[in-house]
Amino acid sequence: MAWALKLPLADEVIESGLVQDFDASLSGIGQELGAGAYSMSDVLALPIFKQEESNLPPESDNKILPFQYVLCAATSPAVKLHDETLTYLNQGQSYEIRMLDNRKMGELPEINGKMVKSIIRVVFHDRRLQYTEHQQLEGWRWNRPGDRILDLDIPMSVGVVDPRANPTQLNTVEFLWDPSKRTSVFIQVHCISTEFTMRKHGGEKGVPFRIQIDTFKENEAGEYTEHLHSASCQIKVFKPKGADRKQKTDREKMEKRAPQEKEKYQPSYETTILTECSPWPEATYVNNSPSPGFNSTHNSFPVNEGNGSPNHQPEPVVQLADNLLPTATPQEAQQWLHRNRFSPFCRLFSNFSGADLLKLTREDVIQICGPADGIRLFNALKGRVVRPRLTIYVCQESQQAREQHQKHENGDGSNNTFFVYHAIYLEELTAVELTEKLAQLFSISPRQISQIFKQGPTGIHVLVSDEMIQNFQDEMCFVLDTMKAETNDGYHIILK
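Parameters and conventions
- Residues numbered from 1 in each chain as written.
- Predicted model: local features only at pLDDT ≥ 70, side-chain atom pairs only at ≥ 80, totals over all residues.
- Heavy atoms only, no water.
- Helix = DSSP H or I, 4+ residues; strand = E, 2+ residues; numbered from the N terminus.
- Buried < 20%, exposed > 50% of the residue type's maximum accessible area, 1.4 Å probe, protein only.
- Contact = heavy atoms within 4.5 Å.
- Areas by Shrake-Rupley, 256 points an atom, 1.4 Å probe, with all protein chains shown as cover.
- Salt bridge = Lys/Arg side-chain N within 4 Å of Asp/Glu carboxyl O.
- Pairing = 2+ DSSP bridges.
- Axes fitted to C-alpha atoms, helices over the stretch in contact; angles between N-to-C directions.
- Phe/Tyr/Trp six-rings, centres within 6.5 Å; stacked < 30°, edge-to-face > 60°.

(A) Structural view of the overall build of the protein. Helix and strand content of the protein: 13 helices and 18 strands. Across the 496 residues in the protein, those meeting the buried criterion constitute 38%. Considering only residue pairs separated by 6 or more positions, the protein has 70% of its internal contacts joining residues 24 or more positions apart. On the protein, roughly 29,900 Å² of surface is accessible, and the fraction owed to carbon and sulfur atoms is 52%.

(B) Highlighting the side chain of lysine 217. With respect to the helices and strands, lysine 217 occurs in strand β9 (residues 209-218). For lysine 217, the contacting residues outside a window of four places in its chain are Glu110, Ile111, Glu223, Tyr224, Thr225, Glu226 and Leu228.

(C) Inspection of the pattern of salt bridges at higher detail. Inspection of the entire model under this criterion finds 17 salt bridges. One network of salt bridges, in which partners are shared, links Glu110, Lys217 and Glu226.

(D) Quick peek at the sheet that holds strand β15 (residues 449-455). An order of β14-β13-β17-β18-β15-β16 is seen for the six strands of this open sheet, with the pairing classed as mixed. The open sheet has two edge strands with one neighbour each: β14 (422-426) and β16 (461-463). Neighbouring strand axes in the sheet, compared pairwise and without regard to direction, differ in orientation by 40° on average. Sheet analysis places strand β17 (residues 476-484) next to strand β18 (residues 491-495), joined by five bridges and oriented antiparallel. Across the sheet, lysine 484 pairs through a bridge with tyrosine 491, a residue of β18.

(E) Geometry of the packing of aromatic side chains. For the structure shown, the criterion picks out eight aromatic pairs. For the pair phenylalanine 124 and phenylalanine 209, a centre-to-centre distance of 5.9 Å together with 45° between the ring planes defines the contact as tilted. Of the two residues, phenylalanine 124 sits in strand β4 (residues 116-124) while phenylalanine 209 sits in strand β9, which places them 85 residues apart along the sequence. Residue class for phenylalanine 124 comes out buried when judged on its relative accessible area of 2%. Residue classification places phenylalanine 209 among the buried residues on the basis of a relative accessible area of 2%. With 5.3 Å between their ring centres and 45° between their planes, phenylalanine 472 and phenylalanine 478 make a pair best called tilted. Taken together, Phe124, Phe196 and Phe209 form an aromatic cluster joined through their ring pairs.

Structure below.
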């Protein structure tokens, strides 16, 4: 029995010794942390427990970006710790985005005292919808004629210069701003997330969008094409006051969770900081030249002589210059895939050059991408041009008269006169589109063309309307005559 009674005593001695050793080891940790007490989170934060971080690029967390964009709307509390933030917006409500200059001293000195250009766009977050973005936006335009997806609230904005909204790009706005001055732009999103769902489940089941901002500086030619910075954030858009109700619902759900569960979620922040991202694929290829409506460099109307030059011909509906070339590198092939809305397949073709892609057969592409995507990619690779709805040919009358007069002076009475006609391709079949195409042909502003007439029976002048153009026969030929307008400095064009 005496021997048996010694067992607890021995256990106590051993246990007390282990406790002392463990306390001594932990006391060193407490001193290293510089505090009297320690916590398990502090222990886990030591470098010995963070070996995996050695694989990260150096200074990735300490990188200071040249600009910072802050959306003044609260983030959702129902987002897990390592997920991207999600912000709820109300349809049509103005939200401020603060454009902050975050440069260090001496960084990007070339933009000091100069403007930069920022393009804000609302795009789809889901890759599936990114692929069909054009069709989705066209469907939205059809259901909401005259409306825009994204607008600038100009009266509330500060420091915004030359704001523009392209009528054909409903989800994009752009403006200039001076980084050295306070700049805040107010935006309004007019579409809601449920408008792009297959089944209407309500706001909380709607698709997420992204707000992306791309900023550019001027190049030597004065065009804003040199990329500086891009950032974006994830949003969902609800009907008016729906975002407030959703935020409240998320907050109440989080309050009901156990403390251990709450630690797995992010807190709700008062503002949303847009995080750095790659530039939007189209942003690098934005046409930064002034729109035809603002081109006033030409004061005279007549077309240049010798109209056989291709510089005066209107561009076809699909630019052949964007065809993928066999000499394209893998990087150039990736850019081509982005431009032509094949982004979901960029990873699959990451090592393919232009020649590799062009060698694929129709069956190969369909097997890799599926029937619908495969057929579209195959057609794009082969550069198949979509036929325009209407093609007409035009020639300037003064050129005809000049060449005919030259024939008579040379004593040549034959009728084998060679005239140069230009092809004009029409898709919308409207008088406005015809005016713009003729202005492009003559290298003038559309504003300089007052009216377009068609010569009718007995020489009468009939005003060209949308309905008349829609009844034009394909590949009709016209001789153009010009007449000075009486009320302004413009011209009338007569189709004969």
